[in-house]
Amino acid sequence: MATATRYELVRLLHISADIVFIAGLLAGALALAALSFQAGAELVKERRAIDALRRFNRIVTGPALVIAWVCGTWLAMQAGWLASHWLQLKLVLVLALSAVHGALSAGLRRACAPAPLVPARAWRVTPALVLVATAAAVWLALMKPF
């Protein structure tokens, strides 16, 4: 396989994994934002939906994050971008999104516990923050401004 073809295939896998990861992240953040408006007793009624979202997060969103990191690292090394300032700023955003995924996993676990805890009100702004960080990361990757 030609090097250019391999690069394009890895880039396709990276972008696909990014889309799946962001979709799962938004689904979880929106669910926790919606659950933050409910009382603790009402969370018990939502347990099946929360548990299904936890499984999706564990089986689909988590592996997509790993694939995105592995492919993105390979692409940056192949292209020689590791010292680029735009990539370093993008990595800060991607690290923040990865941290949100960890917090989301914990929030879903707490909301699905035998004595569920109502998600914090901070989850209400998380979907917007995820979208802004994603848009900024995509802009940096496409424009490579500095």
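In this report, the structure presented in the accompanying data block is examined. (Residues numbered from 1 in each chain as written. Predicted model: local features only at pLDDT ≥ 70, side-chain atom pairs only at ≥ 80, totals over all residues. Heavy atoms only, no water.)

### Some points on the environment of A29
The line we're drawing: A run of DSSP states H or I qualifies as a helix once it reaches four residues; a run of E qualifies as a strand once it reaches two. Both are numbered from the N-terminal end. Under the scheme applied here, a residue whose accessible area is under 20% of the maximum for its type counts as buried, over 50% as exposed, and between as partly exposed, the area being computed with a 1.4 Å probe on protein chains only. In this description, contact between two residues means that some pair of their heavy atoms is separated by no more than 4.5 Å.
Inspection of the secondary structure puts A29 in helix α1 (residues 3-35). Given the relative accessible area of 0%, A29 is considered buried. Among residues more than four places away in sequence, those in contact with A29 are L104, W123, T126 and P127.

### With respect to the packing of α1 against helix α3 (residues 47-79)
Under the convention used in this document: Every axis corresponds to a line fitted to the C-alpha atoms, with the helix fit spanning only the stretch in contact, and the corresponding angles, defined between N-to-C directions, vary from 0 to 180 degrees. Crossings are classed by handedness, with left-handed meaning an anticlockwise turn of the near helix from the far one by less than a right angle and right-handed meaning a clockwise turn. Residues are grouped as follows: nonpolar covers Ala, Val, Leu, Ile, Met, Phe, Trp, Tyr, Cys and Pro; charged covers Asp, Glu, Lys and Arg; every other residue, Gly included, is treated as polar.
Their axes nearest at 7 Å, the elements α1 and α3 cross at an angle of 145 degrees. When you trace α1 past α3, the crossing you get is left-handed. The class makeup of the residues in the contact of α1 with α3 is 22 nonpolar, six polar and three charged.

### A short note on the packing of α1 against helix α5 (residues 126-143)
Under the convention used in this document: The scheme is simple: roughly parallel for angles under 35 degrees, roughly antiparallel for over 145, roughly perpendicular for 65 to 115, oblique for anything else.
Two elements in contact, α1 and α5, have axes separated by 8 Å at closest approach and are oriented at 160 degrees. As far as their axial angle goes, α5 and α1 are roughly antiparallel. Residue-level contacts link I22, L25, L26, A29, L30 and A33 of α1 to T126, P127, V130, L131 and T134 of α5. Split into classes, the residues belonging to the contact of α1 with α5 amount to nine nonpolar, two polar and no charged.

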